[in-house]
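Observations on the three-dimensional arrangement
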Amino acid sequence: AAVKELIITFTQVELDEYKVGGFVQIPNSSLEDDSDLQLLSTIVDYLGQAIGRALDRAIVYGTGTKMPVGFVTRLAADSQPAWWGKNQGAFTNLSTSNILTLDLAASSGKEFFSPILAAMGIAEPNYATGAPVWIMNRKTHTDLMCRCLEFNAAAALVSGVSNEMPVLGGKIVELEFMADHDIAGGFLSLEVISERSGAKIAYSDAPMFLEDCTVFKGTQRYDGKPVRGEAFVLLNYANTAPTKTVTFPSDTAN
């Protein structure tokens, strides 16, 4: 028989690259000590960590204003936002279907895990690659582990695999800015991240010459957007509305 022609629809996500970075100043007297190489290594490591922490927050809660659009921001949009591209495809309202409040704080065993796993199952894997990723703070992660200890039978909920979501699978990532009992995540391969260039670390003693200090600066350029909001979910299991926005540290330099 004849082969049927397939219909393939392409959409376009337009990205820019916004700068993220900061600096620290170190007295030159400290740099002249015998431990200067160890200090320099620590400074470079901390600059990289600072950039990574900023990117983590933007991937989840980025506003789209001079920064990436976070997947929670996409879920919370109940109408087509300004950052939605003209060729991005049809906008769908996911603010109620993919953001859930569950009353499970007093539950245990199957009564606790079954609704949570069902809610996580709302995240659609269509077009995704790899396993899902689940983001929460350490307190929430520890709470899940404790509940696993209470329920370790036929369902094989084993808390020993501390960085994997029980039964459903997927890596658990701890981020301190997440609210207690909030779990956000899904198929993060569908949160496209563009990097204009690698991290740049530079230093100069000119800005703080009179203070006899050397300035170390780290910068990087990123942008990103969720390609399919349907691939993500946000829930709170303690009968509290999940946190949809967070405060980004103020940019005092600008």
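Residues numbered from 1 in each chain as written. Predicted model: local features only at pLDDT ≥ 70, side-chain atom pairs only at ≥ 80, totals over all residues. Heavy atoms only, no water.

1. Observations concerning the environment of serine 108
Defined as follows: Strands here mean DSSP runs of E at least two residues long; helices mean DSSP runs of H or I at least four residues long; both are numbered from the N terminus.
Summarising the element assignment, serine 108 is placed in the loop between β2 (99-101) and α4 (109-120). Sequence-wise, serine 108 and tyrosine 203 are 95 residues apart; in three dimensions their C-alpha atoms are separated by 54 Å.

2. As for the side chain of glutamate 17
Worth spelling out the cut-off: Under the rule applied, a polar contact is a pair of N or O atoms within 3.5 Å (in protein, one hydrogen donor and one hydrogen acceptor; residues adjacent in sequence only if both atoms are side-chain atoms). Should any heavy atoms of two residues lie within 4.5 Å, those residues are counted as being in contact.
As for its placement among the helices and strands, glutamate 17 is situated in the segment before β1 (18-27). Of the polar contacts made by the side chain of glutamate 17, one reaches the side chain of serine 194; its length is 3.3 Å. Non-local contacts of glutamate 17, meaning those with residues more than four positions away in its chain, are made with Ser194, Arg196, Arg221, Tyr222 and Asp223.

3. Structural notes on a negative patch on the surface
What counts here: In this analysis, a patch consists of residues with relative accessible area above 30% that form no salt bridge, clustered at 9 Å for like charges and at 5 Å for the nonpolar side chains Val, Leu, Ile, Met, Phe, Trp and Tyr. The Shrake-Rupley method, run with a 1.4 Å probe sphere, supplies the accessible areas, and residue values consider only the shown protein chains as cover. Salt bridges are identified by distance alone: a Lys or Arg side-chain nitrogen within 4 Å of an Asp or Glu carboxyl oxygen. For the purpose of charge, His is not counted, nor are the chain termini; Lys and Arg are scored as positive and Asp and Glu as negative. Taken as the charge location is NZ of Lys, CZ of Arg, CG of Asp or CD of Glu.
Together, Glu32, Asp33, Asp205 and Asp212 line one region of the surface with negative charge. Note that aspartate 205 resides in the loop between β6 (191-204) and β7 (213-226).

4. A word on helix α2 (residues 36-61)
So the rule is basically this: The span one expects for a helix is its residue count, reduced by one, times 1.5 Å. The classification of residues rests on relative accessible area computed with a 1.4 Å probe and restricted to protein chains. Under 20% of the type maximum is buried, over 50% is exposed, and intermediate values are partly exposed.
The end-to-end C-alpha separation of α2 is 37 Å, in line with the 38 Å expected for 26 residues at 1.5 Å each. For α2, the complete set of buried residues consists of Ile43, Leu47, Ile51, Leu55, Arg57, Ala58, Ile59, Val60 and Tyr61. Against the buried residues of α2 lie β1, α3 (71-76), β3 (133-136), β5 (182-186), β6 and β7.

5. A closer look at the sheet that holds strand β8 (residues 232-236)
Our working rule: Whether two strands pair comes down to DSSP finding at least two bridges between them. Axes here refer to lines fitted to C-alpha atoms; in helices the fit is confined to the stretch in contact. Angles between the N-to-C directions go from 0 to 180 degrees.
Here we have five strands laid out as an open sheet, ordered β2-β8-β5-β3-β4, and mixed in their pairing. What marks the edges here is a single partner per strand, and that holds for β2 and β4 (171-174). Neighbouring strand axes in the sheet, compared pairwise and without regard to direction, differ in orientation by 20° on average. α4 contacts β2, β3, β5 and β8 of the sheet and is inclined by roughly 150° relative to β8.

6. A short note on the packing of aromatic side chains
Two measures describe an aromatic ring pair: the distance that separates the ring centres and the angle between the ring planes. Under the convention used in this document: Here a pair means two rings of Phe, Tyr or Trp (six-membered ring of Trp) with centres within 6.5 Å. Their orientation is stacked below 30 degrees between planes, edge-to-face above 60, and tilted elsewhere. Whether a charge lies above a ring is judged from NZ of Lys or CZ of Arg, which has to be within 6 Å of the ring centre and within 35 degrees of the ring normal.
Evaluation of the coordinates by the stated rule reveals seven aromatic pairs. With 4.7 Å between their ring centres and 15° between their planes, phenylalanine 71 and phenylalanine 232 make a pair best called stacked. Placement of phenylalanine 71 in helix α3 and of phenylalanine 232 in strand β8 is noted, with a sequence separation of 161 residues between them. Note on tryptophan 84 and phenylalanine 91: the rings are 5.2 Å apart at their centroids and 90° apart in plane angle, and the pair reads as edge-to-face. A residue is classified by how much of its surface remains accessible, and tryptophan 84, at 10% relative accessible area, is buried. Through pairs of rings, three or more aromatic residues link up here, namely Trp83, Trp84 and Phe91. The positively charged end of arginine 147 is found above the aromatic ring belonging to phenylalanine 112, 4.1 Å away from the centroid.

7. Some thoughts on the pattern of salt bridges
The tally for this structure, following the rule as stated, stands at seven salt bridges. Two residues, arginine 228 and glutamate 124, come together in a salt bridge whose shortest N-O distance is 3.1 Å. Of this pair, arginine 228 sits in the loop between β7 and β8 while glutamate 124 sits in the loop between α4 and β3; the two residues are 104 residues apart in sequence, bridging distant segments of the chain. Assessed through its relative accessible area of 17%, arginine 228 is described here as buried. With a relative accessible area of 31%, glutamate 124 lands in the partly exposed category. Across the pair aspartate 180 and lysine 139 runs a salt bridge whose closest N-O atoms are separated by 3.3 Å. A residue pair is termed long-range when its members are at least 10 positions apart, and aspartate 180 in the loop between β4 and β5 and lysine 139 in helix α5 (residues 138-150) qualify at 41 residues. The network of salt bridges with shared partners includes Glu124, Arg228 and Glu230.

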